[in-house]
Each structure stands twice: as C-alpha cells, then as structure tokens.
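Architecture at a glance
One-letter residues, chain by chain:
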Amino acid sequence: MQHNGAGETNGEPPPLSFSAAAPLQMATSRVRRFAQEGRTVPPQPRVMVVFSAASDTEKQGDAMSGADNEEEEYRKPAVPVPNLNLGKSLRTLDAPEEFPEVIPLNVGGTYFTTRLSTLRRYEDTMLAAMFSGRHQIPRDAEGRYFIDRDGAYFGDILNFLREGELPQRDRVRAVHREAQYYALGPLLESLEDTQPLTGEKVRQAFLDLLPYYKENLERIVEIAKLRAMQRKARFAKLKICVYKEEMPITPYERPLFNSLRFERSESEAKLFEHHCEVDVSFGPWEAVADVYDLLHCIVSDLADRGISADQQCIGVCDKHLINHYYCKRPIYEFKITWW
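Residues numbered from 1 in each chain as written. Predicted model: local features only at pLDDT ≥ 70, side-chain atom pairs only at ≥ 80, totals over all residues. Heavy atoms only, no water.

**A look at the sheet that holds strand 11 (residues 330-337)**
The sheet built from 4 strands is open, its strands ordered 7-6-11-8 with mixed pairing. Every other strand in the sheet has two partners, leaving strand 7 (280-282) and strand 8 (308-316) as the edge strands with one partner each. Along the sheet, successive strands turn relative to each other by an average axial angle of 30 degrees, direction set aside. Sheet analysis places strand 6 (residues 235-242) next to strand 7, joined by 3 bridges and oriented parallel. By the bridge assignment for strand 7, Cys241 is matched with Ser281. With respect to the sheet, helix 9 (residues 213-231) is in contact with strand 6, strand 7 and strand 11, its orientation differing from that of strand 6 by roughly 150 degrees. In this fold helix 11 (residues 291-304) packs onto strand 6, strand 7, strand 8 and strand 11, with an angle of close to 15 degrees to the strand it touches most, strand 11. (Pairing = 2+ DSSP bridges. Helix = DSSP H or I, 4+ residues; strand = E, 2+ residues; numbered from the N terminus. Axes fitted to C-alpha atoms, helices over the stretch in contact; angles between N-to-C directions. Contact = heavy atoms within 4.5 Å.)

Next up, the structure:
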C-alpha cells in the first residue's frame, strides 16, 4: 500500500489505532511466564480497550484531554429529552363558541326564547359568563341551551333583563333566590327595596336584639316533636315565657319610671335573678317592639317551616322573689299541631 503525505492510504481508510497497548502486552507475557513455570495463573483483571479512529498525527495529550471530557460528560446529571413524536399533532386550544342572535333555552324543562344581547345585558352575572363564549353549554335533544334550574321564575329574570320589570309581591322571595343564583346584582338591589324584603330587614333588626332567638326556636320544635311522639298525639303543648323587662316592677313603682329598663344596683339585681318554670324563655330586650310583636315573629317563623302554632296567655309566673316582689312575667301556652 502507498501512503500519501497526510498519512492516509489511497482509497482506503486510515488504520485503526488503540490505546492501552503496552499494558496488554505486559499482561500476555506474564501469563506465559506463569505457564512455563507450572504455576497457577491468578485471575487477571479485565482490561477495557478503547478503539479510536485518530490519525497518527494526533498527540497523546489530546487523547488524555478527550478522556477527561468524557468523564466530565459522564458526571453531568441526565437531562430529560423531550419526546418529539412528530406523528401526533399538538392539541390546539378550543375556539370560543359562537352563539346565534336568537337563543333557545331549556331551563329545567321550561322553554324560553330570547336575544343574546338580553342575556349579556349585565356583565358581572352568571348568564353573561355562560354566553360569553368561554364556556361550553350543554344542549338538549332539540338543540336548546340547557340550564339545570327551576324554570318557574326564569321568566321574571328575563322580564327584568328586558325592561327592568319587577315581579309581583308574592313572587319576590322566590325570584330573589333565583337572582342570587344567577348573581344578578341589579335585580337583587331592586328587590331588597321592595316588600316583603324591606319589612324583613326591619324585623331582623329587632330579632338581632335576641341573639338566642334561633336557638330557642329550634328548642320549641324539638320539644314539641318529642312530646307528640311520646304521647302518640297529633299536637303538643309547651309553656313559653316572653317578657320585655329584665326585673319585675310593682304597680306602685311603674309610674315613677319611663325608661325601657328599670335600673337597680348590682347587689339588688342578684335578688331578682331566677328562671321561670317553663320550656322556653324569651327576653329581655330594649326596643319599642313589645311582647306581642315577638309572639308574632315566633308564630310566623314556625309557619314558614310548615309548622302550625297557636298561642294564648295562661297567666304569669307569680314566683315570690323578696319582700313584696313577685315575678310577673307572662306565660304563654303554645299548641304545635303536626298533622
């Protein structure tokens, strides 16, 4: 073979050279010497031979630096390689849904038809968000947009969105609940300024003076239910004390005081502390509203829960306290009818 000036053969690749040749020859001669002397050849360490296609002009220093670079690459932490599967197309974002100008609706089985602009009249509402194109709305078999809500009062919602019309008084409470669900702020503000919601605000301001009112209402229901079940009766009777003043006042003292609360010293107040022998007790409170106003609240709140209640005054506590003072708190008998 003829070699050119660059150390390559004509038309043939350069010969392969390998490193670690000297250690391999020394290991071979050692094995031969042990065999001639009849000695057992000890196990030989494995030698890894690294072949390279470097030219004869490559210096040994370059080989050492290459080995160092390989070792550095080995010590580097593995970097996850992204799985570039070109066979699968990347998932694109869903395009916003486009709605027609006339929207057919199915609200809990009741059908409505309205304009898209009507549903979007107020921005910060659930209806405007539903039909903004950012959400997918299910459809029924006829292609109507379905809203899983009672449709009995949805017409009142649409009438307000169209012309600002408010519902009739007997529908105000129910429409108010629907307006809360749809987050329809302008309708909520308008309804809260009408009856009966305005009256409910005034009534609640009075009931806030009795923080235990709801707890006592629950006690009335539980006691009446337990007694009716124990006696296998259609109704149950309870004794309820309703009083406005915290301490009793004799008829001789009453004309001398015009305030809502009769003030006594702390030591005298302890002499009048007692609990009437009744099932539930309401009082005292400081307000213009009297005992009959509170009785009306109790009966009406029970009626809202579907419980029929009748009440009548059956006397006073009349418990002796001290000297000529007696408890004169009125006692009312409540009759709770269950069926």
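Next comes the rest of the description.
**Re unusual backbone geometry**
Cis rather than trans, the peptide bond between Gln195 and Pro196 has omega equal to 5 degrees. In this fold, Pro196 is placed in the loop between helix 7 (185-192) and helix 8 (197-207). A cis amide bond links Gly283 with the next residue in sequence, Pro284, at an omega value of -5 degrees. Position of Pro284 relative to the elements: it lies in the loop between strand 7 and helix 11. The phi dihedral of Ala183 is positive, around 55 degrees, even though this residue is not glycine. Its place among the elements puts Ala183 in the loop between helix 6 (172-181) and helix 7. A relative accessible area of 36% means that Ala183 is categorised as partly exposed. The phi angle at Lys232 is positive, at roughly 55 degrees, despite the residue not being glycine. (Buried < 20%, exposed > 50% of the residue type's maximum accessible area, 1.4 Å probe, protein only.)

**Considering the nonpolar core**
Core analysis: the biggest nonpolar cluster contains 30 residues, and Phe282 and Leu294 have the highest contact counts within it. The set of elements that each furnish at least two residues to this core consists of helix 8, helix 9, strand 6, strand 7, helix 11 and strand 11. By residue number, the principal contributor to this core is helix 9, which donates 7 residues. Not counting residues within four places of it along the chain, the set of residues in contact with Leu294 comprises Phe206, Leu207, Leu210, Tyr213, Val242, Phe282 and Trp285. (Core = buried A, V, L, I, M, F, W, Y, C linked by side-chain atoms within 4.5 Å.)

**Regarding helix 6**
Looking at helix 6, one finds that the buried residues are Val172, Ala174, Val175, His176, Glu178 and Ala179. Tucked inside the fold, the buried residues of helix 6 contact helix 5 (154-163), helix 7 and helix 8.

**Considering the packing of helix 9 against helix 11**
Running from N to C, helix 9 and helix 11 point in directions that differ by 60 degrees, and their axes come no closer than 11 Å. Between helix 9 and helix 11, the interaxial angle falls into the category oblique. As for how helix 9 packs across helix 11, the hand of that crossing is right-handed. Residues Tyr213, Leu217, Ile220 and Val221 of helix 9 form the contact with helix 11, whose own contacting residues are Leu294, Cys297, Ile298, Asp301 and Leu302. Counted by class, the contact of helix 9 with helix 11 contains 8 nonpolar, no polar and 1 charged residues. (Parallel < 35°, antiparallel > 145°, perpendicular 65-115°, else oblique. Left-handed = near helix turned anticlockwise from the far one by under 90°. Nonpolar A, V, L, I, M, F, W, Y, C, P; charged D, E, K, R; others polar.)

**Some thoughts on the sheet that holds strand 5 (residues 145-147)**
On the basis of which strands lie adjacent, the open sheet formed by 3 strands has the order 4-3-5 and mixed pairing. Across the chains shown, the open sheet's two edge strands, defined by having one partner strand only, are strand 4 (110-115) and strand 5. When the angles between neighbouring strand axes are averaged without regard to direction, this sheet yields 30 degrees. In this structure, strand 3 (residues 102-107) lies alongside strand 4, joined through 6 bridges in antiparallel fashion.

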